[in-house]
Amino acid sequence: MAGELSRGMEIEIYADVACPWCYVGKRRLEEALEAYDGEVTVHYRPFQLDPSPVPTPRPLVEALAAKFGDRERAEQMFDHVTRVAADAGLRLDFDRAVAANTFDAHRLVRYATQRGRAAETVEALYRAHFTDGVDVGSRDALAEVAAGVGLDEAEARAFLHSDEGTAEVAAELAAARGLGVTSVPTFVLAGKYAVTGAQEPETLLAALAEVERRESATS
């Protein structure tokens, strides 16, 4: 899944590393691909649930309680997705999570993609945000995440503290809106079939098989 294959189905994943359902959806897709006998190329596309700046890091629970105006409602949401994630083998610790603007995290994914480390970096970012309490809005913290997946930390830090990749990620975010992506995760198969939400592996596997059938019939 991590590699770029020369043939097979293309899967574009529109997601945000601050989206717990995207983390669940990624894991469920991986389970589906383990049972899928075709070849795929996976591309990670950026999306921001909330592009608002976060000038000062604050606990995610506190930030969402303020957003919804109800801490109890926020905690109920956390409890639900935490249970679903646990069933997928993921551990979410919302008590440690820090609210962050994820624009630079998406820049890091782009940087990692160019160096063949996209899948590892995306996974590390989800784990950093949802499990380890890392501020993924911090460029220095992101450089440490990069180092953890085998990228050069100093080089990654210099990239993040520059403007490199900024225009490209902004353009990709605009392109996602232009395509009508309004919720994530959204999986686009073969460039034209969209599956939205953190669907069960069986549902994703069935979608892959159906797209393969349709594409074979038109080729």
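Everything that follows concerns the structure shown earlier in this document.
Below, the structure is looked at part by part. (Residues numbered from 1 in each chain as written. Predicted model: local features only at pLDDT ≥ 70, side-chain atom pairs only at ≥ 80, totals over all residues. Heavy atoms only, no water.)

Another aspect to go through is the packing of aromatic side chains. In the structure shown here, the tally under the stated rule is five aromatic pairs. Where tyrosine 23 meets tyrosine 126, the ring centres are 4.8 Å apart and the plane angle is 10°; that geometry is what we call stacked. Within this pair, whereas tyrosine 23 is found in helix α1 (residues 20-34), its partner tyrosine 126 is found in helix α5 (residues 118-130), the two being separated by 103 residues in sequence. Residue class for tyrosine 23 comes out buried when judged on its relative accessible area of 4%. Taking the centre distance of 4.1 Å and the plane angle of 15° together, the rings of phenylalanine 78 and phenylalanine 94 count as stacked. Remark: phenylalanine 94 occurs in the loop between α3 (71-87) and α4 (103-113) and phenylalanine 78 occurs in helix α3; sequence separation between them is 16 residues. Given the relative accessible area of 7%, phenylalanine 94 is considered buried. In this structure, arginine 107 is placed above the aromatic ring of phenylalanine 159, and the distance from its NZ or CZ to the ring centre is 4.9 Å. (Phe/Tyr/Trp six-rings, centres within 6.5 Å; stacked < 30°, edge-to-face > 60°. Helix = DSSP H or I, 4+ residues; strand = E, 2+ residues; numbered from the N terminus. Buried < 20%, exposed > 50% of the residue type's maximum accessible area, 1.4 Å probe, protein only. Lys NZ or Arg CZ within 6 Å of the ring centre and 35° of its normal.)

This next bit is on the sheet that holds strand β1 (residues 9-15). Read from one edge of the open sheet, four strands run β2-β1-β3-β4, paired in mixed fashion. Unpaired on one side and paired on the other, β2 (40-46) and β4 (193-196) mark the two borders of the sheet. Within this sheet the neighbouring strands show an average axis-to-axis angle of 20°, counted without direction. In this sheet, β4 lies alongside strand β3 (residues 186-189) in antiparallel orientation, the contact comprising four bridges. Bridged to threonine 186 within β4 is threonine 196. Sitting on the sheet, α1 is in contact with β1, β2 and β3, with an inclination near 165° to β1. (Pairing = 2+ DSSP bridges. Axes fitted to C-alpha atoms, helices over the stretch in contact; angles between N-to-C directions. Contact = heavy atoms within 4.5 Å.)

We now examine the packing of α1 against helix α9 (residues 201-218). Where α1 contacts α9, the two axes come as close as 8 Å, and the packing angle between them is 55°. Regarding the angle of α1 to α9, the classification is oblique. Here α1 and α9 pass one another in a crossing that is right-handed. Where α1 abuts α9, its residues Arg28, Leu29, Glu31, Ala32 and Leu33 lie against Pro201, Leu204, Leu205 and Leu208. (Parallel < 35°, antiparallel > 145°, perpendicular 65-115°, else oblique. Left-handed = near helix turned anticlockwise from the far one by under 90°.)

Burial of the side chains of β4 is restricted to one face: Tyr193 and Val195 are buried, whereas none of Ala194 and Thr196 on the reverse face is. Where β3 hands over to β4, the hairpin turn is made up of three residues, of which alanine 190 adopts a positive phi near 55°.

At a minimum axis distance of 10 Å, the contact between α4 and helix α6 (residues 139-148) shows a crossing angle of 30°. In this view, α4 runs roughly parallel relative to α6, as classed from their interaxial angle. Judged by the sense of rotation from one axis to the other, the crossing of α4 with α6 is right-handed. Facing Asp104, Ala105, Arg107 and Leu108 of α4, the residues of α6 in contact are Arg139, Leu142 and Ala146.

On to the pattern of salt bridges. For the structure shown, the criterion picks out 18 salt bridges. A salt bridge links lysine 26 to glutamate 30, with the nearest nitrogen and oxygen atoms 2.6 Å apart. With lysine 26 and glutamate 30 both in helix α1 and four residues apart, the pair spans about one turn of that helix. Arginine 115 is paired through a salt bridge with glutamate 155; the nearest N and O atoms lie 3.2 Å apart. One end of the pair, arginine 115, is in the loop between α4 and α5; the other, glutamate 155, is in helix α7 (residues 153-160), with 40 residues separating them in the sequence. By relative accessible area, glutamate 155 is classed as partly exposed at 40%. Because the salt bridges share partners, they merge into one network encompassing Glu12, Arg45, Arg110 and Glu172. (Salt bridge = Lys/Arg side-chain N within 4 Å of Asp/Glu carboxyl O.)

On to unusual backbone geometry. Residue valine 184 is joined to proline 185 through a cis peptide bond whose omega torsion reads 5°. Residue placement: proline 185 occurs in the loop between α8 (166-178) and β3. Not every positive phi belongs to a glycine, and alanine 190 is a case in point at roughly 55°. Along the chain, alanine 190 falls in the loop between β3 and β4. Owing to a relative accessible area of 25%, alanine 190 belongs among the partly exposed residues under this scheme.

So yeah, pure geometry; function would need other evidence.
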